[in-house]
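Structure assessment
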Amino acid sequence: MPDTPKRDLKEYVDVGHSELENHLRTQNAQFQSALEEAEAGRKLTDFLWLNIFGFAYHYLKSRFGPRHPYQYYPTSNDTGVYKMKVANETTQIALLSDWASDTPESDRVGAVVAFHKPDYSIHLGDIYFVGAPSEVHDNFISPKASWPRGKWGSLALAGNHEMYSNGAAFYKMLLPTMGVREANAVSDGLKLEMNPSDGLKPSDGLATSNNPLIGSPSDASVIREQKAGFFCLENDYWRVIGLDTGYTSVERPFVEILSPPDCHLRKEQVNWLKNQLHLDNPDDRRGIIFLSHHPPFSDFRKSFPRPARQIRQLFGEFLRPVLWMWGHEHRLVGYRERKVGGLPIHGRCIGHGGMPVEIDAPRVDTDSILFYDQRRRKNIRRIGVGYNGFAWLKFEQENLSIEYRDVEDKVVTGESWRINLQSGLIEKIG
Ligand SMILES: [Fe+2]
C-alpha cells in the first residue's frame with residue numbers, strides 16, 4: 001500500500017466528532033494523494049470517484065454495514081494476559097493516546113519515545129480520521145511509519161475513530177502487528193526460536209504468524225499477537241489492564257438517538273475480567289492501572305462512567321483505589337482521587353499524543369485538578385494549541401514513577417507511586 005502525503009496539524013484543529021465529517025476528511029486526504037499522482041486530464045474523474053462516490057460508499061457502508069465481529073479472550077491458546085519483561089528489576093512503558101494523526105508532530109513524539117527505547121509502547125486509541133486501512137498503514141505499518149515499537153512489544157486499544165469505519169482495519173490490519181514477545185517461556189507451548197536464515201519459526205509445529213513488526217528476538221521467544229481490543233500486562237507487583245471502550249462508543253443511525261452509546265464493557269470483556277483476572281481475589285494485592293480510550297470522568301467534556309461502574313461490581317468486597325489513564329480529550333490533565341460508581345480513581349488524561357492540544361479552561365471551577373499542561377506552543381488558525389507528548393511509566397518492584405514528557409522531550413511533570421502488597425493499597429509518594 002503506498003503512503004499518502006503527510007498531514008498538517010492545521011487539518012485537525014477544528015475537527016468535530018461526527019462520523020460524517022471525519023469520513024469527509026479521510027476522503028479528502030485520499031483525494032489529495034491521488035491528485036498528486038494523477039494526470040491533469042484524469043483529475044475530474046478522480047475527483048468524482050474518490051470524493052463523491054468514494055465518500056458515499058464508505059460512509060454508508062460504515063453507518064449501515066456491520067461492525068467487525070467482536071474479538072475476545074480466551075482463545076484456544078491465549079488468555080490475553082501477558083507477563084511483563086523485567087530487566088534489572090525495571091520495566092519501562094510508553095503510553096501514547098490520540099497519537100495517530102500522521103503529522104510532523106506525531107512523528108516527533110514517536111521519535112522521542114523511540115529514542116528512550118521503551119520495553120513496551122501502548123496506543124490508547126484514535127487513528128485519524130476514521131481508522132481507514134490507509135491510515136493504519138501510514139501511522140503503524142509502512143516502513144516510514146513513526147509508531148515507536150517497544151523492545152518487547154506494542155499493544156493497542158480502539159478509540160471511537162477506529163469504529164467510524166466499523167473497526168475492520170483495527171482488527172484485521174493493526175492487531176496482527178501488535179502483541180508481545182515473552183523470552184524463554186514455554187508454558188503455553190508457542191515457543192519460537194531464531195533461525196538466522198528464516199527469522200522466527202515455530203519450533204513445535206503450532207501455528208503462529210511470523211511477525212517482524214512485533215520485534216526481532218535475539219533469543220528463544222514466544223510471540224503472542226494481540227487478538228482482542230483489551231489485554232493485561234503484569235508482573236509480580238503491578239497489573240496494567242487495557243480496557244476496550246471503543247467498540248461500544250458508536251451505534252447505528254437512529255439507534256444512537258434512542259440508546260446513546262455509553263462505552264460499556266461488553267459481556268465477553270466482563271467475563272474475561274472476572275474469570276481471567278479475578279479482580280475480587282483478596283490474595284492478589286498487586287497495584288492496578290487501567291487504560292482506556294474514553295474518560296470515566298472529566299472536568300472538560302462528556303464522560304463515560306459506565307465501565308467504572310461495571311468494574312466496581314467486579315471488585316466485590318475487595319475494593320481498592322486504582323490508577324486510570326485515558327485519552328479522547330486532547331490534553332494532559334491529572335485529577336485528584338474521585339469516586340465513580342463507588343470506585344476510587346486517580347485519573348490521568350493523556351490524549352495529547354498527536355492532535356492539536358487543547359488548553360482551554362475546565363468547564364467548572366474546580367480544585368480537583370492536580371496538574372494541567374496549559375502552555376501554549378503556537379497558534380493555529382488563531383487558536384492556541386499546547387504541547388504534544390506522552391507518559392513514561394517506569395516500574396521497579398513496588399515502585400512506579402510516571403513522567404509526562406512533551407514533544408521536546410522535556411519532563412512537564414512527574415509523580416511516584418508505591419503499591420503496598422500487604423494491604424493492596426497504592427500510595428502516592430511523590
Ligand atoms: Fe476519541
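Counting starts from 1 at the beginning of each chain's written sequence and moves along it residue by residue. Local features in this predicted model are restricted to residues of pLDDT 70 or higher, and side-chain atom pairs are both shown and tallied only at a pLDDT of 80 or more, whereas totals for entire chains, interfaces and linings draw on every residue. Hydrogens and water molecules were not included; the side-chain quantities draw on all heavy atoms of the structure.

An unreviewed UniProt entry annotates the protein chain as Metallophosphoesterase originating from Runella aurantiaca.

1. So, the coordination of the iron ion
This is how it is decided: Donors, by definition, are the N, O and S atoms found within 2.8 Å of a metal, the threshold being 3.2 Å for Na, K and Ca, and water is not counted, so a site can look incomplete. Any coordination sphere not matching a tetrahedral pattern (four donors, all angles between 85 and 135 degrees) or a square planar or octahedral pattern (four or six donors, opposite donors over 155 degrees apart, other angles between 65 and 115) is reported as irregular. By definition, any uninterrupted DSSP run of H or I lasting at least four residues is a helix, any uninterrupted run of E lasting at least two residues is a strand, and each is numbered from the N terminus. Note on classification: 1.4 Å probe, protein chains only; a residue is buried when its accessible area is under 20% of the maximum for its type, exposed when over 50%, partly exposed between these limits.
Here the iron ion is held by Asp 126 (OD), Asn 160 (OD1), His 293 (NE2) and His 328 (ND1), and the distances to it run 2.1 to 2.2 Å. Each of the four donor atoms around the iron ion contributes to a set of angles spanning 92 to 159°, which defines the coordination as irregular. We note that the donor set of the iron ion lies within a single chain, spaced as D-x33-N-x132-H-x34-H. Separated by 202 residues along the polypeptide, Asp 126 in the loop between strand E3 (120-123) and helix H4 (133-141) and His 328 in the loop between strand E12 (322-326) and strand E13 (332-335) bring together distant segments of the chain. Here His 328 falls in the buried class, since its relative accessible area comes to 8%.

2. Description of H4
With seven of nine residues buried, H4 is to be regarded as a mostly interior element. Of all the residues in H4, the buried ones are Ser 134, Glu 135, Val 136, His 137, Asp 138, Asn 139 and Phe 140.

3. Things to note about helix H9 (residues 306-315)
So the rule is basically this: Comment: arc refers to directions from the helix axis out to C-beta atoms.
All buried positions along H9 are accounted for by Pro 307, Ala 308, Gln 310, Ile 311, Leu 314 and Phe 315. For H9, the angular spread of the buried residues around the axis is 160°, confining them to a single face. Phi turns positive one or two residues past the end of H9, at Gly 316, with a value near 55°.

4. A closer look at empty space enclosed by the protein
What counts here: For each structure, a 1 Å grid was placed over the protein atoms alone; sets of points admitting a 1.4 Å probe that cannot get out are labelled cavities, open sets with protein on both sides within 12 Å along at least five of seven lines are labelled pockets, and lining residues have an atom within 4 Å of a point. Grid points are joined across faces, edges and corners, and a volume is the space filled by probe spheres set on the points. When residue character is reported, Ala, Val, Leu, Ile, Met, Phe, Trp, Tyr, Cys and Pro are called nonpolar, Asp, Glu, Lys and Arg charged, and the others, Gly included, polar.
Taken as a whole and judged by the stated rule, the model has one cavity of 30 Å³ or more. Taken as a whole, the largest cavity spans an internal volume of roughly 30 Å³. Together, Arg 239, Leu 277, His 278, Leu 279, Asn 281, Asp 284, Arg 286, Ile 288 and Arg 320 line the largest cavity. Of the residues assigned to the lining of the largest cavity, the class counts are three nonpolar, two polar and four charged.

5. What to know about the environment of Asp 299
As a reminder of what qualifies: Here, two residues are considered to be in contact whenever any of their heavy atoms come within 4.5 Å of each other.
Tracing the backbone through its elements, the reader meets Asp 299 in the loop between strand E11 (287-292) and H9. Residue Asp 299 is classed as buried on the basis of its relative accessible area of 5%. Those residues in contact with Asp 299 that sit more than four places away from it in its chain are Tyr 335, Arg 338, Pro 362, Arg 363, Val 364, Thr 366, Ser 368 and Ile 369.

6. Section: the pairing of E13
Formally: One requirement defines pairing of two strands: DSSP has to find at least two bridges between them.
Neither face of E13 is exposed, since Leu 332 and Gly 334 on one face and Val 333 and Tyr 335 on the opposite face are all buried. Bridge count between E13 and strand E16 (residues 369-372): three bridges; the pairing is antiparallel. By the bridge assignment for E16, Val 333 is matched with Tyr 372.

7. Side note on the pattern of salt bridges
Basically, it comes down to this: By convention in these notes, a salt bridge is any Lys or Arg side-chain nitrogen within 4 Å of a carboxyl oxygen on Asp or Glu.
Summed over all chains, the structure comprises 27 salt bridges. For Arg 306, the salt bridge goes to Asp 262, with nearest N and O atoms at 2.7 Å. Of this pair, Arg 306 sits in helix H9 while Asp 262 sits in the loop between helix H7 (255-258) and helix H8 (267-277), and the two are 44 residues apart along the sequence. Its relative accessible area of 22% is what places Asp 262 among the partly exposed residues. One salt-bridge network, in which partners are shared between bridges, spans Arg 301, Glu 329, Arg 331, Glu 358 and Asp 360.

8. Some points on the environment of Ser 121
Put simply, the rule reads: Polar contacts, as counted here, are pairs of nitrogen or oxygen atoms within 3.5 Å of one another; within protein the pair requires one atom able to donate a hydrogen and one able to accept it, and residues that are adjacent in sequence qualify only if both atoms are side-chain atoms.
Looking at where Ser 121 falls in the secondary structure, it is placed in strand E3. Overall, Ser 121 belongs to the buried group, its relative accessible area being 0%. Taking the C-alpha atoms as reference points, Ser 121 and Trp 392, separated by 271 residues in sequence, lie 9.4 Å from one another. Sequence-distant contacts of Ser 121, that is, excluding residues within four places in its chain, are made with Ala 94, Trp 147, Pro 148, Arg 149, Gly 150, Gly 153, Ser 154 and Leu 155. A distance of 2.6 Å separates a polar atom in the side chain of Ser 121 from a polar atom in the side chain of Ser 154.

9. Description of the confidence of the model for the protein chain
Defined as follows: Every residue gets a pLDDT, meaning the predictor's confidence in that residue, from 0 to 100.
Looking at the protein chain, pLDDT values average 86 and 82% of them are 70 or higher. For the stretch residues 185-209, pLDDT sits under 50, and the model shows 48 contacts to residues farther than four places along the chain or on other chains.

10. Brief notes about the environment of Ile 369
Tracing the backbone through its elements, the reader meets Ile 369 in strand E16. Spatially, the C-alpha atoms of Ile 369 and Val 333 are 7.2 Å apart, while their sequence positions differ by 36 residues. Among residues more than four places away in sequence, those in contact with Ile 369 are Asp 299, Phe 300, Val 333, Gly 334, Tyr 335, Arg 336 and Pro 362.

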